[in-house]
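Single-letter residue listing:
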Amino acid sequence: MFKHYFHLPFILLGLIDLVVLAASCSLAVFFRFFGDTAFFSEHFAIVFPSLVVFSFINLTVMMALGVYQASVEEGMSGMMLRTIMALMLAIPVHGFAYFVASDWLWYLGSFDLLSSATVLSVFCLGIARVLFFGVLGKERFKRRVVVLGAGRRAKRLLQDLTTPFNRKGFTLDGFIPMPDENVEVSEEHLINLPGSLYEYVIRHPVREIVIAVDDRRGGLPMDDLLECKMAGVSIIDGINFYERESRKVALEMLTRGWLVFSDGYTFSAVYGMGKRALDIITAAVLLVFTFPIMLLTALAIKIEDGFSAPVVYSQERVGVNNRVFRVYKFRSMVTDAEKNGAVWAKQNDSRVTKVGDFIRRVRIDELPQIFNVLNGSMAFVGPRPERPIFVERLTSKIPFYAERHRVKPGLTGWAQLCFAYADNEEDTREKLRYDLYYIKNQSLLLDLLIVLQTVEVVLFKKGSR
């Protein structure tokens, strides 16, 4: 959907939650103001706008707090705890919606009603989710997959995609080695075909065949693959399969040819204007809401280090098309932190001040970059900008690292949502996989999702250092 991959059960569960939220609010309105079914039915058109806004606001806040992803990482208990937090945080948002449009959102102005609707929603959502996962099961929507190939690429797929976090959309039958292929996948995962590939697919309900052969010059069983294709089985390249399931790019499998001929990496003037408008609106709103926090932060830095100490510091960073610009941050380290040269920040870094430690954990130190977004040197969403000295070093060591500078760097980004802080080369390599996914599939929808889910990063301190 708009070049971004969504897991089907999450979409279905979101739609069910939307209906349950509307029903819960409807019940609360009925018992609070009506009590008579016929009378309620006659005035339903007046109630309906409040139900719709109540449902969408709650669903949006739940998405922002990572409720649906929590079902994979934390189970049902973690999902419900985040849901309760989201519904509570949504109450003042409903109040703001009523303040803006009180003429047609009459029922969102009652705190008693909102409290009742929220409590009802918690119970009803819990029941609906237990039924959803209990009746349908977590395996119902998964594709049964077989991998053609058992060499280096296939081994990489096995290592990266069979973790609980990534293996959401498929169940793996196994790997079929090619003749004369150097087999690197362990024997327990291999499939020894008694006949042809087509015969195996017919006997087993395989829905997808992944091509992960190291060297295709040796030939593929094209007749078999064509038979499978005509039987309704999907055929997908290993790199595309990896990208879809992990929502990052398979850096080790990547070739310049794939980059040239793959879908994505396309930019339009309409998207550029829309993205710039989103940057300005989001940065301006964030500036209004965080300006008091910025003033308190400046005061705290002054109190700790003295009123002559600088509050904001700037650094050179590499931006779009390798242009160098200056990025602004609240100072979180001692003033002579880099007297011995530039180094990555590390866990429990001794150079970080007490105030600096706090503002780093809650990402307040990044707020001055709002002005970088407003002046156009950064976007709100994009790869995080890196220092020139590190860029030069990483470009020489990590393939395709320079490609992340094809777009403006951002205040937040896909890699920040999906991976923790990078303080070494291997972590940077992993974040590049996510950055390349964003550059390949960027759209206004993906940008909005990243902005929304950044709330979870800030609240739960994901990736802070």
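Residues numbered from 1 in each chain as written. Predicted model: local features only at pLDDT ≥ 70, side-chain atom pairs only at ≥ 80, totals over all residues. Heavy atoms only, no water.

Quick word on the overall build of the chain
Counting its secondary structure elements, the chain contains 18 helices and 8 strands. Overall, the chain is about 75 × 70 × 40 Å in size when its C-alpha atoms are taken along their principal axes. Here the chain, with 465 residues, has 49% of them falling under the buried criterion. Here the contacts in the chain between residues at least 6 apart in sequence split such that 76% fall between residues at least 24 apart. With the model as given, the accessible surface of the chain reaches about 23000 Å², and the carbon-plus-sulfur share is 63%. Taking the average place of the 53 positive charges on the side chains of the chain and the average place of its 48 negative ones, the gap between the two points comes to 5 Å. (Helix = DSSP H or I, 4+ residues; strand = E, 2+ residues; numbered from the N terminus. Buried < 20%, exposed > 50% of the residue type's maximum accessible area, 1.4 Å probe, protein only. Contact = heavy atoms within 4.5 Å. Areas by Shrake-Rupley, 256 points an atom, 1.4 Å probe, with all protein chains shown as cover. Lys, Arg positive; Asp, Glu negative; His and termini not counted. Charge placed at Lys NZ, Arg CZ, Asp CG, Glu CD.)

Topic: the pattern of salt bridges
This structure, assessed with the given rule, holds 25 salt bridges. One salt bridge connects Glu 208 with Arg 143, and the closest N-O pair in it is separated by 3.4 Å. Taken together, the positions of Glu 208 in strand β3 (residues 208–211) and Arg 143 in strand β1 (residues 143–148) put the pair 65 residues apart, joining distant regions of the chain. Residue Glu 208 shares its accessibility class with Arg 143, and that shared class is buried. Close ionic contact of Arg 361 with Asp 357 constitutes a salt bridge, the shortest N to O distance being 3.2 Å. (Salt bridge = Lys/Arg side-chain N within 4 Å of Asp/Glu carboxyl O.)

Some details on the environment of Gly 126
Note on placement: Gly 126 falls in helix α6 (residues 111–136). By relative accessible area, which is 14% here, Gly 126 ends up buried. For the pair formed by Gly 126 and Ser 77, sequence separation is 49 residues and the distance between their alpha carbons is 9.8 Å.

Some points on a nonpolar patch on the surface
A contiguous nonpolar patch, built from Met 1, Phe 2, Phe 6, Leu 8, Ile 11 and Leu 15 and spanning about 610 Å² of accessible area, is present on the exposed surface. One can find Ile 11 in helix α1 (residues 8–34). (Patch = residues over 30% accessible without salt bridge, like charges linked within 9 Å, V, L, I, M, F, W, Y side chains within 5 Å.)

Things to note about the pairing of strand β6 (residues 324–330)
Note that strand β5 (residues 312–318) and β6 share 7 bridges and pair antiparallel. In the sheet register, Val 318 faces β6, and the bridge partner there is Val 324. Hairpin connection from β5 to β6: 5 residues lie between these consecutive antiparallel strands, with Asn 321 at a positive phi of about 55°. (Pairing = 2+ DSSP bridges.)

Regarding the sheet that holds β3
Pairing is parallel across the open sheet formed by 4 strands, whose spatial order is β2-β1-β3-β4. The strands lining the two open edges of the sheet, one partner per strand, are β2 (170–176) and β4 (234–237). Across the sheet, the axes of successive neighbouring strands diverge by a mean angle of 25°, strand direction being ignored. Here β3 runs beside β4; their pairing, made up of 4 bridges, is parallel. Bridge pairing in β4 places Ile 209 opposite Ile 235. This element, helix α7 (residues 152–161), spans β1, β2 and β3 of the sheet and lies at about 155° to β2. Here helix α10 (residues 238–246) sits on the sheet in contact with β1, β2, β3 and β4, set at roughly 95° to β4. (Axes fitted to C-alpha atoms, helices over the stretch in contact; angles between N-to-C directions.)

All quantities given are derived from atomic positions and should not be read as evidence of function.
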